[in-house]
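Residues per chain, in single letters:
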Amino acid sequence: MTTASYKNYSALEAAELRVREAGEWLKLEDGLIETIVAPRRIIEVAIPFRRDDGSRDQLTGWRVHHNTTRGPAKGGIRYHHEVNREEVIALAMGMSLKTAIANLPLGGAKGGVCFNPKDYSIGEIERITRRYVSEISSFLGPDKDVPAPDVGTNSQIMAWIMDQYSTGVGHATPGVVTGKPIELGGSLGRESATGRGVVEAAALMLGKMGASLQGKKIAIQGYGQVGSWAARLAAARGALIVGLSDVGGTIHSAAGLDLVAIDKAFREGARSVCDTGVGDVVARGVAGSTAVFALDCDIVMPCALGDAVGEEEANNMKAKLVVEGANGPLTPTADLIMAEKGIIVIPDVYANAGGVTCSYLEQCQNFAHLTWDEDEVNARVIDLMRAAFERFYAFAQESKLPNRLAASVLGVKTIADAHRMRGLHP
Ligand code: GLU
């Protein structure tokens, strides 16, 4: 198939395509693929709230439980001005695959509220969060559905979710949410876990190729919760971060960017990597953020939003390995170009599973009233990521499937096996 015959897929069409391709490869019986594609539950809520100036305003939010056959629904909540019902379903579907591939006893879910948190005060964001939670609270719970941070949300928002839910049920329930502040039962290591997993994924794949991160040139899109940790942890393992980008544009240094100086500039008020004075600015603005993909490097880590790498970015890419820190950063067209160019892709459903893996460890600690120190949590995240990698890699080798399809097949097979064992109610 040529790239020209590929249409522009929406996030939901791309997610469904990947699950259906896996179902076809597995030759699933009895229409089981329809049960696996369909979300168990889509909740859409109106969120009326008071602005700081006293006026009434209203937003729309969603929580989607995609698959709950293997355990409670699990997945983040996204606050973003472009989030919509279809995207939340696509992301929830991705979480079902992710927990299955990571071999965690959890289902898949996602939530979203359509607004740009940068345009709202802290007080307004708290009121939005509390009203959103109260609208969906009967569907939440440590054994039902456990939210976590995603794009635009953080540990403070998780604390409000925990409080709102807890006041509703009448007792403190830390296990209703993960990614909480440490003071409320959050896990040490959660902030860095997704980035840590991304770097480990790269190291494990390089290891299979007889190489290591030492001296590798890496370009990263996004310097937030995922990208900044991926950059720091890869640099600590001897890699050179030659390019970074965010909504302000792209910076580059062939000798490696000074991350300490970048972090200092952010602490002093810089709003973009382009304002840090580090490296050369190669492109500015949101559109300039994708210039990072064309840089001369060995590894690209898209750690921002979905659909970041399309046809043009894929054609310009010089790296030999792509590690998906974000959810859905490569379009199906980009995937096809990666295959044509022989660029290896470690798909999101494995590569960024470090976050939900640490969330699972946070739940384990909450259920058992335990507190593990940071080294122990980090070691457990790495152990679980390694075990999942070996399972995924062995399956990809044995099936001779490209990584994306191999991961989807493994995830869908894990979910299908669970459906078969449970049988069909009633
Ligand atoms: N939002 C993260 C993800 O997409 C974490 C989900 C979680 O920890 O439940 O994987």
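Caption draft 1: Summary view of the overall build of the protein. Broken down by element type, the protein carries 15 helices and 12 strands. A compact globule built from 426 residues would reach a C-alpha radius of gyration of about 22 Å, and the protein, at 21 Å, matches this within 12%. Across the 426 residues that make up the protein, the buried fraction comes to 57%. Accessible surface, the protein: about 17600 Å² in total, of which carbon and sulfur atoms supply 52%. The centroid of the 44 positive side-chain charges in the protein is displaced by 3 Å from the centroid of its 50 negative side-chain charges.

Caption draft 2: Quick look at the sheet that holds strand β12 (residues 344-346). Taken in spatial order, the 7 strands of this open sheet run β9-β8-β7-β6-β10-β11-β12, and their pairing is mixed. Of all the strands in the sheet, the pair left with one neighbour each is β9 (280-284) and β12. Averaged over all neighbouring strand pairs, the angle between strand axes comes to 15°, with direction disregarded. By the bridge criterion, 4 bridges tie strand β8 (residues 249-252) to β9 in an arrangement that is antiparallel.

Caption draft 3: Representation of empty space enclosed by the protein. If you walk through the whole model with that rule in mind, you get 1 cavity of 30 Å³ or more. The space that makes up the largest cavity amounts to roughly 30 Å³. Every residue lining the largest cavity is listed: Asn67, Thr69, Arg70, Ser96, Thr99, Leu106, Gly107, Gly108 and Ile415. Of the residues contributing to the lining of the largest cavity, the split by class is 2 nonpolar, 6 polar and 1 charged.

Caption draft 4: View of the sheet that holds strand β2 (residues 56-67). Spatial strand order, β1-β2-β4-β3-β5: 5 strands in an open sheet with mixed pairing. Strand pairing shows two members of the sheet lacking a second neighbour, β1 (41-50) and β5 (145-149), which therefore form its edges. Direction aside, the axes of adjacent strands within the sheet are offset by 25° on average. Across 10 bridges, β1 lies against β2 in antiparallel orientation. In the strand pairing of β2, Val45 is matched with Gly61.

Caption draft 5: Seen up close, the site of the ligand. Taken together, 14 residues surround the ligand, and among them Lys74, Lys98, Pro149, Asp150 and Ser359 come closest. In this structure, Pro149 approaches the ligand through a main-chain N or O atom, which is 2.9 Å from a nitrogen atom. A distance of 2.5 Å separates an oxygen atom of the ligand from a polar side-chain atom of Ser359. Protein chains bury 94% of the 300 Å² of accessible surface belonging to the ligand in isolation. Elements with a contribution of two residues or more to the shell around the ligand: β3 (73-80), α3 (85-101), β5 and α13 (354-368). Of the residues contributing to the shell around the ligand, the split by class is 4 nonpolar, 5 polar and 5 charged.

Caption draft 6: Molecular detail of helix α6 (residues 190-208). Under the 1.5 Å per step criterion, the end-to-end length of α6 is 27 Å for 19 residues, consistent within 8% with the ideal 27 Å. Counted residue by residue, α6 has 16 buried out of 19 residues, so it is predominantly covered. Gly210 lies just past α6 and shows a positive phi near 75°.

Caption draft 7: Summary view of the packing of α6 against helix α14 (residues 374-399). Packing of α6 against α14 brings their axes to within 10 Å, and their N-to-C directions diverge by 45°. The orientation of α6 with respect to α14, classified from their angle, is oblique. The handedness of the crossing between α6 and α14 is right-handed. Counted together, Arg196, Gly197, Glu200, Ala201, Leu204, Met205 and Lys208 of α6 and Asn378, Ile382, Met385, Arg386, Phe389, Glu390 and Tyr393 of α14 form the full contact between these two elements. Here the residues of the contact of α6 with α14 are counted per class, giving 7 nonpolar, 2 polar and 5 charged.

Caption draft 8: Just the pattern of salt bridges, in detail. Within the structure shown, the criterion is met by 29 salt bridges. Across the pair Glu16 and Arg20 runs a salt bridge, and its minimum N-O distance is 3.1 Å. Here the residue Glu16 and the residue Arg20 both occupy positions in helix α1 (residues 11-26), the gap between them amounting to 4 residues, near one helical turn. Under the relative-accessibility criterion, Glu16 is labelled partly exposed at 25%. Across the pair Lys217 and Asp296 runs a salt bridge whose closest N-O atoms are separated by 3.8 Å. Of this pair, Lys217 sits in strand β6 (residues 217-221) while Asp296 is found in the loop between α9 (285-288) and β10 (299-302), placing the two residues 79 residues apart along the sequence. Overall, Lys217 belongs to the partly exposed group, its relative accessible area being 25%. Among the residues examined, Asp296 registers a relative accessible area of 48% and is labelled partly exposed. Here the residues in one salt-bridge network are Arg18, Glu324, Asp335, Asp348 and Arg404, joined through shared partners.

Rules used in this analysis
Residues numbered from 1 in each chain as written. Predicted model: local features only at pLDDT ≥ 70, side-chain atom pairs only at ≥ 80, totals over all residues. Heavy atoms only, no water. Helix = DSSP H or I, 4+ residues; strand = E, 2+ residues; numbered from the N terminus. Rg over C-alpha atoms; globule rule 2.2 N^0.38 Å. Buried < 20%, exposed > 50% of the residue type's maximum accessible area, 1.4 Å probe, protein only. Areas by Shrake-Rupley, 256 points an atom, 1.4 Å probe, with all protein chains shown as cover. Lys, Arg positive; Asp, Glu negative; His and termini not counted. Charge placed at Lys NZ, Arg CZ, Asp CG, Glu CD. Pairing = 2+ DSSP bridges. Axes fitted to C-alpha atoms, helices over the stretch in contact; angles between N-to-C directions. 1 Å grid on protein atoms, 1.4 Å probe; cavity = no way out; pocket = protein on both sides within 12 Å on 5 of 7 lines; lining within 4 Å. Points joined across faces, edges and corners; volume = space filled by probe spheres on them. Nonpolar A, V, L, I, M, F, W, Y, C, P; charged D, E, K, R; others polar. Near = heavy atom within 4 Å. Polar contact = N/O pair within 3.5 Å; in protein donor to acceptor, adjacent residues only side chain to side chain. Expected span 1.5 Å × (residues − 1). Parallel < 35°, antiparallel > 145°, perpendicular 65-115°, else oblique. Left-handed = near helix turned anticlockwise from the far one by under 90°. Contact = heavy atoms within 4.5 Å. Salt bridge = Lys/Arg side-chain N within 4 Å of Asp/Glu carboxyl O.

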